[in-house]
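Structure assessment
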Amino acid sequence: AESEVNPLQYDDVFALELAADPQVHANGNHVVFVRRSMDRQTDRMVGRLWQVATDGSNLRPLTSGEGNESSPRWSPDFERLAYVSDQSGSQQIHIRWQDSGHTSLVSTLPFSPGSLSWSPDGEWFAFTMFTPESRQAPVQLPGKPAGAEWAEAPTYIDSVQYRRDGAGYSPQGNSHLYVMPVEGGTPRQLTEGDYDVRGTISWSHDGEAIYYSANKNENPVAEPVNSDIYRVEVDSAEVQRITNTNGPASEPKVSPGGRQIAFVGYQDRQLAHQANRLYVMNTDGSEIRNLTEDLDRSVSSFEWARDGRGIYFSYDDEGEGHLALHTLRGVAETLTDGVGGLSYSRPYTGGQFSVADNGKLVFTQMASNRPAELAFLEGSQTRPITQLNRDFLSAFSVGEVEEFWLESSVDDTRIQGWIMYPPGFDESKQYPMILEIHGGPHAAYGPVFAMELQLMAAQGYVVVYTNPRGSTSYGEDFANLIHHNYPSNDYDDLMDAVDLVVSRGFVDEEELFIMGGSGGGVLTSWSIAHTDRFAAAMVVNPVINWISFTLTADMYPYFSQYWFPGLPWDNVEHYMEYSPISHVGKVNTPVLLFTGESDHRTPISETEQYYQALKLRGVESAMVRVPGASHALHLRPSNLMAKPAYAVYWFDRFRANGGESN
Ligand SMILES: CC(=O)N[C@@H](C)C(=O)N[C@@H](C)C(=O)O
């Protein structure tokens, strides 16, 4: 009955929890994971290490929980657990002895460690760490008296990657590979040069070398996606190149027997979307085999089976994460779906898993009514392990999500989408509707819990979301329907979805609203230049002008060469034809903009261009600037609630009868 409906409140963002980074014990009996929750005082998501038996019993914290903890990694004998924590004031490596429960800080690193990995004998850690390049500024100004307070010195920059979204302006330097005794000591740098070591690092079976991936090409600007796998000897730091592929070769993982390496990558064809394939090769780089050539889906992550006879991997298909096993003999078997749940703000796909002996697996399980929880897979049986959100969600009515498919009005291409109903939905009534559009554009939404969308549904809006052409998880051809052609018929797919939902009869056509972030901001601003059917729009961290975007975004070498037929100055007409700014003269829809001031992916200058253009045209518009926020606007819980709160404020203003229709 309607009286029992208890919709979510904005403040409930602080009640969300999720289970991440599962690391299952080899015996499959218990799993260590990062329990993420929201801290109201610091306005941040914090991670704490917890352990639970895979039958769901004995859920308990592993540490005193005073720091933000991440990256739990079992020692090879499963007697110790390494992890990273900022308990000491900076991100450092800690160890927990599983028998005594004793924990200890073992590093004093100048920068945060990444890709933490135990040596096979359990005596060394390997990790990546930022390594500053000690270089004096080329200009030294004379005349500063001792103790004088002069302006901060100007910064001299000549590196390609001088800023990164989420990290800000970087000092000169690179991420390099280090080793350190596990009981502590001085880290020893194994790689050097003007390239970054990122992602998985993997010890050779005998512990004498480490495999890593890097883009060491002479002109990394011209080859932004190219990378290869290298082997560095731990004693001598001698480096050997293992692959020489045309495209990325990354995430190397040595097989349990030590004779093979699995990795992901693809043959570069300069397409906007190129699906990651899973490869195996001998450790000397010979006999490279593409295991997933026929899958036509992107491999998200993978792990060797402990007997070395196959590789478990995850991939998204039709908006949902799947786990599969590929034996080295060539047989592939899908084991489960429902992998995902780590994106809690908008319903993006993405999950994690961990492999025990004998085909037992733990994975993050997605659901449209709660964020990621852990689940156990044994054979073909899946059972839940954690219920971290049970307490909070049992008290509230969450919007139900229904899948739909439609055939494109342009070319009959099948398009998938979802409707989120407001709690207490009554189909005999008329509701306002929000179309919420994902970014990427090569990314996918799915039936995943999404707090931003839930908070808008809780305010009485039907929320519709789709995977228009260009989205991933439907194969490379579907994604590349917008190659050098974005935005285009993806707009028609979105309008087809609106038509379908309107035809169901429960949406008030006078109360249609549209919003989207990033690539979704592109499509929102594009849509309102091509139709006046929406009563108002919210354009979140958009790209408005492809020329200014490619020349200010952090990933500019990639965007300029993979999303367009050539560089901006040689293709001005193309760039401008596809830029929403070129069509702003047709916009009549009231627009609210919402962007992080520290966004280096779609810089706020894009938002400002659009805002000023709308003002010049006299279109009703406002701009919300989010101080300190990067492209990942949801990272601070207060911003996670601010975005839907502003959306509802703006859309309520433009409802037909002051919001009284339902
Ligand atoms: C590749 C990339 O970062 N694209 C951005 C323009 C984008 O659309 N990002 C999406 C994933 C988002 O929602 O932020």
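Rules and cut-offs
- Residues numbered from 1 in each chain as written.
- Predicted model: local features only at pLDDT ≥ 70, side-chain atom pairs only at ≥ 80, totals over all residues.
- Heavy atoms only, no water.
- 1 Å grid on protein atoms, 1.4 Å probe; cavity = no way out; pocket = protein on both sides within 12 Å on 5 of 7 lines; lining within 4 Å.
- Points joined across faces, edges and corners; volume = space filled by probe spheres on them.
- Helix = DSSP H or I, 4+ residues; strand = E, 2+ residues; numbered from the N terminus.
- Core = buried A, V, L, I, M, F, W, Y, C linked by side-chain atoms within 4.5 Å.
- Buried < 20%, exposed > 50% of the residue type's maximum accessible area, 1.4 Å probe, protein only.
- Contact = heavy atoms within 4.5 Å.
- Salt bridge = Lys/Arg side-chain N within 4 Å of Asp/Glu carboxyl O.
- pLDDT = per-residue confidence, 0-100.
- Expected span 1.5 Å × (residues − 1).
- Near = heavy atom within 4 Å.
- Polar contact = N/O pair within 3.5 Å; in protein donor to acceptor, adjacent residues only side chain to side chain.
- Areas by Shrake-Rupley, 256 points an atom, 1.4 Å probe, with all protein chains shown as cover.
- Nonpolar A, V, L, I, M, F, W, Y, C, P; charged D, E, K, R; others polar.

Size it by volume and the second largest pocket reaches roughly 630 Å³. Looking at the second largest pocket, it is lined by 27 residues, and the ones nearest its centre are R44, M45, A632, L635 and R636. For the lining of the second largest pocket, the secondary structure elements donating two or more residues are strand 2 (30-39), strand 3 (44-53) and strand 5 (69-74). Element by element, the count of residues in the lining of the second largest pocket is highest for strand 3, at 4 residues.

In this structure, M433, L435, W546, W563, Y610 and F651 are the most contacted members of the largest nonpolar core, which totals 87 residues. It is helix 4 (residues 489-503) that provides the largest number of residues to this core, a total of 7 residues. Excluding residues within four positions of it along the chain, F651 makes contact with I434, Y461, F513, I514, M515, A536, A537 and M538. With 21 residues, the next largest nonpolar core counts F14, Y344, A372 and L393 among its residues.

Our next topic: the pattern of salt bridges. Scanning the entire structure with this criterion turns up 25 salt bridges. Residue D196 pairs with R198 through a salt bridge whose shortest N-O separation is 3.5 Å. Residue R198 is classed as partly exposed on the basis of its relative accessible area, which comes to 42%. Among the salt bridges present, the one from R655 reaches E511, with a minimum N-O distance of 3.2 Å. In this pair, R655 is assigned in the segment after helix 10 (637-653) and E511 in strand 35 (residues 507-517), connecting sequence segments 144 residues apart. With respect to class, R655 is no different from E511; both count as buried. Among the charged side chains, a salt-bridge network with shared partners connects E133, R135 and D158.

Here we take up the confidence of the model for the protein. Confidence along the protein averages 96 in pLDDT terms, with 99% of residues attaining 70 or more. Model confidence for the protein, summarised as mean pLDDT per element, is weakest for helix 1 (residues 390-394) at 86 and strongest for strand 36 (residues 536-540) at 99. Here the predicted complex carries an ipTM of 0.94, next to a pTM of 0.96.

Attention shifts here to helix 9 (residues 604-617). The end-to-end C-alpha distance of helix 9 is 20 Å, a good match for the 20 Å that 14 residues give at a rise of 1.5 Å each. All of the buried residues in helix 9 are I604, E606, T607, Y610, A613 and L614. In this fold, the buried residues of helix 9 make contact with helix 5 (519-530), strand 36, helix 6 (546-550), strand 37 (591-596) and strand 38 (621-626). Immediately downstream of helix 9, the backbone of G618 shows phi near 80 degrees, a positive value.

What follows is about the site of the ligand. All residues in the neighbourhood of the ligand are listed as R346, Y348, G439, G440, S518, G519, F559, R601, T602 and H631. With respect to the ligand, the backbone of G519 contributes an N or O atom lying 2.9 Å from an oxygen atom. Between the ligand and the protein, one listed contact pairs an oxygen atom with a side-chain N or O atom of H631 at 2.9 Å. The fraction of the free accessible surface of the ligand (390 Å²) that becomes covered by protein chains is 80%. Split into classes, the residues belonging to the shell around the ligand amount to 2 nonpolar, 6 polar and 2 charged.

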